[in-house]
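Structure assessment
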Amino acid sequence: MSNVQVAVVTGSNKGIGLAIVRALCKQFQGDVYLTSRDPGRGQAAVAQLQQEGLRPLFHQLDIDDLQSIRALRDFLKEKYGGLNVLVNNAGIAFKVQDTTPFAVQAEVTLKTNFFGTRNVCTELLPLMKPYGRVVNVSSMVSSSALRGCSQELQQKFRSDTITEEELVQLMTKFVEDTKKSVHQKEGWPNTAYGVSKIGVTVLSRIQARLLDEQRKGEHILLNACCPGWVRTDMAGPKATKSPEEGAETPVYLALLPSNADAPHGQFVSDKTVRPW
Ligand code: NAP
């Protein structure tokens, strides 16, 4: 088993994920895994970084596929005996003009952004080594969507005692409510992406709390963040930040020094903790 440190970035064949891998290749002392659901797109991205003189490694990972997540988990356990840095970056968003029925958009968006990210955490967080760093890429849209929720939902999502099971029930209820066209009556905002990212931010707060309760003394720091508005296939060419600028906050959180005890369980943008 290798003693080398290891970092994994999900959804990193393009966009912000690729920029995070590029930065980690330069700054992280260890192996950096570029992952992609499609091996062809992943290997092409690896080749691009190799042309820049960098040495990322590749592993397939589709966060919608539990078998794929478990194959990565087994590989990391076997080769490295764990994991030092995990960046949950993979995500999807329907375009504003997309005419797919809202209930379908809700189901598909939640499946990847919330349930897929949660499944990666369920399988990989137990592998995190002491002083590990976990970054869940959420969005400022999670904050605006939170403000668009009913008072009752806002209270639940801001609660310091909400459990992962309760969060999963709420995310499942959102999808069910959209199918019955009652989601707005039930207090939800009209944004599937926004609700999925509420899920990612709240999940991060819960996971950080569980680390405090169950793995105190291991100095693992876990945070959610917003990369900013970034020029990628998701956000389009008018966005204000380059992918490299978008990678700055996730990389800062991924490389928090070993003597840091904060931020932890926070929502961070522009390297600054934001109120939730
Ligand atoms: P992007 O260019 O569309 O890249 C998304 C990446 O996620 C791609 O590599 C994509 O792979 C991957 N992905 C999607 N579903 C996946 C799955 N099931 N399994 C594994 N990988 C999957 O988007 P981006 O702008 O870089 O976004 C990265 C993250 O930042 C997302 O979580 C997004 O919500 C968040 N974010 C972006 C912005 C922004 O302004 N761009 C703002 C706030 C937050 P494929 O190439 O195979 O599709």
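Residues numbered from 1 in each chain as written. Predicted model: local features only at pLDDT ≥ 70, side-chain atom pairs only at ≥ 80, totals over all residues. Heavy atoms only, no water.

Moving on to the side chain of Arg 73. With respect to the element layout, Arg 73 can be found in helix H3 (residues 66-80). For Arg 73, a relative accessible area of 18% translates into the label buried. Setting aside residues up to four positions removed in sequence, Arg 73 forms contacts with Glu 123, Leu 124 and Leu 127. (Helix = DSSP H or I, 4+ residues; strand = E, 2+ residues; numbered from the N terminus. Buried < 20%, exposed > 50% of the residue type's maximum accessible area, 1.4 Å probe, protein only. Contact = heavy atoms within 4.5 Å.)

Most of strand S2 (residues 31-36) sits inside the fold, with five of its six residues counted as buried. With four bridges connecting them, strand S1 (residues 6-9) and S2 associate as parallel partners. Residue pairing for S2: Ala 7 is matched across the bridge by Val 32. Handedness of the crossover is the feature at issue here: the chain leaves S1, passes through helix H1 (residues 15-27), returns alongside S2, and the resulting connection is right-handed. (Pairing = 2+ DSSP bridges. Right-handed = clockwise from strand over helix to strand, strands pointing away.)

Relative to each other, H1 and helix H2 (residues 39-51) sit at 40 degrees, their axes nearing to 11 Å. On the basis of their axis angle, the class for H1 and H2 is oblique. Pair H1 / H2 crosses with right-handed handedness. Along its contact with H1, which presents Leu 18, Val 21 and Arg 22, the element H2 presents Ala 45, Gln 48 and Leu 49. Looking at the contact of H1 with H2, its residues break down into four nonpolar, one polar and one charged. (Axes fitted to C-alpha atoms, helices over the stretch in contact; angles between N-to-C directions. Parallel < 35°, antiparallel > 145°, perpendicular 65-115°, else oblique. Left-handed = near helix turned anticlockwise from the far one by under 90°. Nonpolar A, V, L, I, M, F, W, Y, C, P; charged D, E, K, R; others polar.)

We now examine the sheet that holds strand S8 (residues 272-274). Taken in spatial order, the eight strands line up as S3-S2-S1-S4-S5-S6-S7-S8 in an open sheet, and their pairing is mixed. If you trace the sheet from one side to the other, it starts and ends with strand S3 (57-60) and S8, each paired once. Within this sheet the neighbouring strands show an average axis-to-axis angle of 30 degrees, counted without direction. Alignment of S2 against S3, held across four bridges, turns out to be parallel. Each residue of the ladder has a partner; that of Tyr 33, found in S3, is Leu 57. Docked against the sheet, helix H4 (residues 102-124) engages strand S4 (83-88) and strand S5 (128-137), running at close to 175 degrees with respect to S4.

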